[in-house]
Amino acid sequence: MTHFKSNTRAQNAPLYEADMTTGFKNRETRSLPLNKIIYNDCVEAMNALPAGSVDLIFADPPYNLQLKGELHRPDNSRVDAVDNSWDQFSSFSAYDKFTNEWLKAARRILKTDGAIWVIGSYHNIFRVGTALQNQGYWILNDVVWRKSNPMPNFRGKRFTNAHETLIWASKSEGAKYTFNYEALKALNEGVQMRSDWVLPICTGHERLKDSKGEKAHPTQKPQSLLHRVLVGTTKPGDVILDPFFGTGTTGAVAKMLGRNFIGIEREAVYREFAQKRIDEIRKFDRASLEVSVSKRNEPRVPFGQLVECGMLRVGEELLSMNGRYKAKVRADGTLIGRDVRGSIHQVGAAMEGAPSCNGWTYWCFQRKGKVIPIDILRQQVRSEANKKTN
């Protein structure tokens, strides 16, 4: 992702570049430039967007690597390191000022339940973390991206720098942020996703190169990293903003996954690479974009709703899954059986002499000689509700 200083702007550059970005005519326009790349300084561009309009921000800001001189391999060949002007700051205080400016602008445009991811190295991530907390963000996790194929330490004076750190934070402590726990678990072969991710750096066919065969961008992030972030913490249709867009990994993955993106990038050469890359992306079909969700996150369906809409009749007899007990449906959505009456859960527990019971999986109804779990009816109600909202 691309980095540039927030207190400068390309001379005479338009606030939005018409052919690649916008929809925006001026700062007062309230619609969002969805799936566009804004040509401007990141702070100025974010300040021009409506407050509370973005679901997630993924930021890969300058690392402020403080490189002194060129870096060479043992064979004296030059290492293509990050020595661009956008990564250079005069002091730590200058970098902190820059960080506070863009984080303030980012927090304003996040929705109440929005969240942010920031990635960095040991050079900057601790300073960014402090700024996040000082501005009222609520840190949810730090994630270690452990590179399976890191660049070696050529000087042999330090450990090989084999990881970067991502900070995931909500806009505030009480925010109801998106976290697709079951989807991440499925990505991890059924095992709970941990906060250490082993993924390769961007190489091979994925690495964008210019006409000379050199890297188009020195810190291009791998698609796998953004895939995990967006699948895990966004929903289809969400708006994801990347204030340091670079060659567009965030936008490319967002398009694949049916999310909307807004990119901000000042460097023309990076924008061109990003736009070409995104134009070639094919969006996945709707069915492929669905992810596993926790049952706790599914819309609540009261048992009485099945009675109200006629899916079950008043007085109809339900059977326990094991076939040993029966109970009748009452008009108010409760059951009555033997000497007990109450909810589907209470009556099931009383029948079994158990402390609790999941009535949705315990009770069945009969249709045309077949015994069917009542949970099937609940899923039908949810399915119909989803059709209406979509």
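Residues numbered from 1 in each chain as written. Predicted model: local features only at pLDDT ≥ 70, side-chain atom pairs only at ≥ 80, totals over all residues. Heavy atoms only, no water.

Draft legend 1. Focus on the pattern of salt bridges. On inspection of all chains with the given rule, the structure shows twelve salt bridges. Where Asp 60 meets Lys 221, a salt bridge forms, and the shortest distance between an N and an O atom there is 2.8 Å. Placement of the pair is Asp 60 in the loop between β2 (54–59) and α2 (92–109) and Lys 221 in the loop between β6 (196–199) and α5 (223–233), with a sequence separation of 161 residues. The class for Lys 221 is buried, based on a relative accessible area of 2%. The residue Glu 267 makes a salt bridge to Arg 266 at a minimum N-O spacing of 3.9 Å. Note on Arg 266: relative accessible area 18%, which makes it buried. (Salt bridge = Lys/Arg side-chain N within 4 Å of Asp/Glu carboxyl O. Helix = DSSP H or I, 4+ residues; strand = E, 2+ residues; numbered from the N terminus. Buried < 20%, exposed > 50% of the residue type's maximum accessible area, 1.4 Å probe, protein only.)

Draft legend 2. Here's a closer look at the sheet that holds strand β7 (residues 239–242). Across the sheet, which stays open at both edges, the eight strands sit in the order β1-β8-β7-β2-β3-β5-β4-β6 with mixed pairing between neighbours. On the outer flanks of this sheet lie β1 (36–38) and β6, each paired with one strand and no other. Averaged over neighbouring strand pairs, the angle between their axes works out to 20° when direction is ignored. Judged from the two bridges that link them, β2 and β7 form a sheet pairing that is parallel. Paired with Leu 56 across the bridge in β7 is Ile 240. (Pairing = 2+ DSSP bridges. Axes fitted to C-alpha atoms, helices over the stretch in contact; angles between N-to-C directions.)

Draft legend 3. Representation of the packing of α5 against helix α6 (residues 249–256) in the model. Where α5 meets α6, the closest approach of the two axes is 9 Å, and the angle between their N-to-C directions is 55°. It follows that α5 is oblique to α6 by the angle criterion. Pair α5 / α6 crosses with right-handed handedness. Where α5 abuts α6, its residues Gln 223, Leu 226, His 227 and Leu 230 lie against Thr 249, Thr 250, Val 253, Ala 254 and Met 256. Counted by class, the contact of α5 with α6 contains five nonpolar, four polar and no charged residues. (Parallel < 35°, antiparallel > 145°, perpendicular 65-115°, else oblique. Left-handed = near helix turned anticlockwise from the far one by under 90°. Contact = heavy atoms within 4.5 Å. Nonpolar A, V, L, I, M, F, W, Y, C, P; charged D, E, K, R; others polar.)

Draft legend 4. Representation of the packing of aromatic side chains in the model. Considering all chains together, one arrives at eleven aromatic pairs under this definition. Between Phe 245 and Phe 261, the ring centres sit 5.6 Å apart and the planes meet at 15°, which makes this aromatic pair stacked. One end of the pair, Phe 245, is in the loop between β7 and α6; the other, Phe 261, is in strand β8 (residues 260–264), and 16 residues separate them in sequence. Each member of the pair, Phe 245 together with Phe 261, is buried. (Phe/Tyr/Trp six-rings, centres within 6.5 Å; stacked < 30°, edge-to-face > 60°.)

Draft legend 5. Molecular detail of the packing of α6 against helix α7 (residues 268–279). As a packed pair, α6 and α7 sit with axes 9 Å apart at the nearest point and diverge in direction by 15°. With respect to each other, α6 and α7 are oriented roughly parallel. Handedness of the α6/α7 crossing: right-handed. Contacts between α6 and α7 involve Thr 249, Gly 251, Ala 252 and Lys 255 from the former and Arg 277, Ile 278 and Asp 279 from the latter. Residue composition of the contact of α6 with α7, by class: two nonpolar, two polar and three charged.

Draft legend 6. Quick peek at the environment of Lys 176. Along the chain, Lys 176 falls in the loop between β5 (163–170) and α4 (181–187). The class for Lys 176 is exposed, based on a relative accessible area of 69%. Separated by 63 residues in sequence, Lys 176 and Asp 113 place their C-alpha atoms 5.0 Å apart.

Draft legend 7. Examining the sheet that holds strand β10 (residues 326–329) more closely. Strand order across the open sheet formed by six strands is β12-β11-β10-β9-β13-β14, with antiparallel pairing between neighbours. Each edge of the sheet is formed by a strand with only one pairing partner; in this case those strands are β12 (340–342) and β14 (370–373). Taken pair by pair, the neighbouring strands of this sheet meet at an average axis angle of 35°, ignoring direction. One ladder, built from two bridges, connects strand β9 (residues 317–320) with strand β13 (residues 363–367); its direction is antiparallel. Across the sheet, the residue bridging to Leu 319 is Cys 364, located in β13. This element, helix α10 (residues 344–352), spans β10, β11 (335–337), β12 and β13 of the sheet and lies at about 155° to β12.

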